[in-house]
Amino acid sequence: MRSRQVIKLFNAFHQEPYKGELFQFELEISGRVLDFSINVISEEATLSDIVPIARKISSKMANAILQGIKEKGINVPCRKGCCSCCSSLIPMSVPEVFRMREEFMAKSNKTSNRLLRRCIKSAVRILEKTEYSEYLKDFAKLGKRSVGQVNKWYGELKQVCPLLSGGLCMLYEQRPIACREHIVTGSSDSCKQDHLCRPNVVPIKVSVLEALGELASELEGTEVEAIMLPFSQAWVQDNLWRAERKWSAMEMVRLFAEILKQKESATAKPRLELAAAYA
Ligand code: SF4
Ligand code: SF4
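Note that residues are indexed from 1 along each chain, following the sequence as it is written. The naming scheme follows written order: chains are lettered A onward, ligands numbered 1 onward. Only residues with pLDDT of at least 70 get local features here, since the model is predicted, and only at 80 or more are side-chain atom pairs given and counted; chain-wide, interface and lining totals rely on the full set of residues.

Draft legend 1. Geometry of the overall build of the protein. Helical segments are the DSSP runs of H or I of at least four residues, strand segments are the runs of E of at least two, and each set is numbered from the N terminus. Secondary structure summary: the protein contains 10 helices and 13 strands in total. A total of 279 residues make up the protein; the buried ones form 32% of that total. In the protein, the proportion of contacts linking residues at least 24 apart, taken out of those at least 6 apart, comes to 77%. Exposure is read from a count of other C-beta atoms within 10 Å of each residue's own; the residue is exposed at 12 or fewer, buried at 20 or more and partly exposed in between. C-beta atoms are placed from the backbone. Remark: residues whose backbone-derived C-beta atoms lie within 7 Å of one another are considered to be in contact.

This is the structure:
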């Protein structure tokens with residue numbers, strides 16, 4: 001096992017032993033008010049440190065949405081092991097990419113190398129496929145595109161997620177927020193690429209993925225960035241110095257909650273943009 005220093009800056013939610021200053025906020029999701037209490041110790045944190053909290057917030061919100069849908073008698077087929085959606089484009093926020101690198105490195109050498117190899121191979125395949133198709137090549141050359149356009153481009157690649165093995169996610173508990181926020185209603189058949197109808201994707205008003213992207217943008221003074229999962233490990237090598245930057249943990253949690261609250265209001269517009277390709 002490779003050694004890794006784990007600095008517990010956040011003790012997540014209220015039910016865990018209180019060790020720091022309590023920060024509380026609430027969000028109304030699908031007609032339910034969710035109270036969040038986060039214990040934050042008075043130290044500095046990297047962008048990666050906020051990801052476990054973001055995952056918990058995302059799961060709580062997804063549960064509230066699922067409950068609301070099920071109460072209306074509508075079927076939600078999403079479950080662990082259902083994987084047709086794992087051929088979709090998975091955008092990751094900057095904090096998630098840094099966290100994923102740490103989580104890869106915390107595994108045994110064998111597993112860590114396997115995960116890295118799978119991501120790199122997948123990235124190479126995407127670049128190769130892009131080279132063979134004039135449409136994909138032209139698309140990739142041009143700058144920023146809407147999420148819908150990039151999704152269409154990615155669909156043309158027919159590329160399965162590098163973390164999918166034998167129909168199961170190799171990092172299910174630590175999967176990206178995009179995977180957690182992708183919920184459909186009806187039948188899982190509609191998620192298959194060759195299915196005639198498109199899946200009924202449940203709109204997510206308060207996107208934790210977008211909030212993480214905006215948090216990093218505000219703190220670092222950059223544009224809002226999103227990185228495609230297969231390219232994440234190559235991207236992180238070029239941005240390692242950013243992974244080391246620190247801010248006050250409380251400042252970070254407050255800002256994150258503020259961004260989520262802004263999204264809760266009806267007027268908030270998504271700011272996430274995706275680069276058309278890794279450049
Ligand atoms: S989005 Fe579709 S493929 Fe993915 S878990 Fe839900 S039903 Fe299954
Ligand atoms: S990270 Fe896991 S859940 Fe998400 S697309 Fe990849 S295999 Fe599927």
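Draft legend 2. Quick look at the site of ligand 2. Surrounding ligand 2, one finds Cys83, Cys86, Ile90, Cys161, Leu163, Leu164, Cys169, Arg175, Pro176 and Cys179. Of the residues in the shell around ligand 2, the class split is 9 nonpolar, no polar and 1 charged. Being near a molecule or strand means, for a residue, that its C-beta atom, positioned from the backbone, comes within 6 Å of it. In this classification, the charged set is Asp, Glu, Lys and Arg, the nonpolar set is Ala, Val, Leu, Ile, Met, Phe, Trp, Tyr, Cys and Pro, and all remaining amino acids, among them Gly, are polar.

Draft legend 3. Region of the structure containing the pairing of strand β2 (residues 21–29). Bridge count for β2 against strand β3 (residues 32–40) is 9 bridges, and the pairing is antiparallel. Across the sheet, Leu27 pairs through a bridge with Leu34, a residue of β3. Turn length for the β2-β3 hairpin, with the two strands adjacent in sequence and antiparallel, is 2 residues, and the turn residue Ser30 shows positive phi of about 50 degrees. Paired strands are those between which DSSP finds at least two bridges.

Draft legend 4. Summary view of the packing of helix α2 (residues 94–105) against helix α7 (residues 208–220). Axis angles are defined between N-to-C directions and span 0 to 180 degrees, where every axis is a line fitted to C-alpha atoms and, for a helix, only to the segment in contact. Relative to each other, α2 and α7 sit at 95 degrees, their axes nearing to 7 Å. Taken together, α2 and α7 sit at an angle that is classed as roughly perpendicular. Packed against α2, whose contacting residues are Val94, Pro95 and Glu96, the element α7 presents Leu212, Gly213, Leu215 and Ala216 at the interface. Class assignment for the residues of the contact of α2 with α7 results in 5 nonpolar, 1 polar and 1 charged. Every angle not falling under 35 degrees, over 145, or within 65 to 115 is termed oblique; those three ranges are roughly parallel, roughly antiparallel and roughly perpendicular.

Draft legend 5. The arrangement of helix α10 (residues 249–264) in detail. For α10, with 16 residues, the first-to-last C-alpha span of 23 Å sits near the 22 Å given by 1.5 Å per residue. Here α10 has its buried residues at Ala249, Met252, Val253, Phe256, Ala257, Ile259, Leu260 and Lys263. Angularly, the buried residues of α10 cover 160 degrees about the axis, an arc narrow enough to put them on a single face. Here the expected span of a helix is defined as 1.5 Å times the quantity of residues minus one. It is the directions from the helix axis to the C-beta atoms whose arc is reported.

Draft legend 6. Seen up close, the environment of Gln237. By the element assignment, Gln237 lies in helix α8 (residues 232–238). Separated by 136 residues in the primary sequence, Gln237 and Arg101 have C-alpha atoms spaced 9.5 Å apart.

Draft legend 7. Representation of the confidence of the model for the protein. For the protein, the mean per-residue pLDDT works out to 83, and 83% of the residues sit at or above 70. Looking at any residue, its pLDDT shows the predictor's confidence there, from 0 to 100. Confidence, expressed as mean pLDDT per element, reaches its minimum in the protein at strand β13 (residues 274–275) with 34 and its maximum at α7 with 97. Scored below 50 in pLDDT, residues 1–9 makes 12 contacts in the model with residues more than four places away or belonging to other chains.

Draft legend 8. Highlighting α2. Here α2 is 12 residues long and its end C-alpha atoms lie 17 Å apart, about the 16 Å a rise of 1.5 Å per residue gives. In terms of burial, α2 is largely enclosed, as 9 of its 12 residues are buried.

Draft legend 9. Expanded view of the environment of Arg99. In this structure, Arg99 sits in helix α2. Residue classification places Arg99 among the buried residues on the basis of 25 C-beta atoms within 10 Å. In this structure, the C-alpha to C-alpha distance between Arg99 and Ser48, residues 51 residues apart in sequence, is 4.7 Å. When sequence neighbours within four positions are dropped, the list of residues in contact with Arg99 reads Ser48 and Val51.

Draft legend 10. Structural view of unusual backbone geometry. The backbone of Ser30 shows a phi angle near 50 degrees, a positive value even though the residue is not glycine. On the neighbour-count criterion, Ser30 (16 C-beta atoms within 10 Å) is partly exposed. Not every positive phi belongs to a glycine, and Lys158 is a case in point at roughly 50 degrees. With respect to the secondary-structure elements, Lys158 resides in the loop between α5 (147–157) and β7 (164–165).

Draft legend 11. Looking closely at the environment of Ser37. Relative to the elements of secondary structure, Ser37 occurs in strand β3. Judged by the 15 C-beta atoms lying within 10 Å of it, Ser37 is partly exposed. With 16 residues separating them in the primary sequence, Ser37 and Glu21 have C-alpha atoms 10.0 Å apart.

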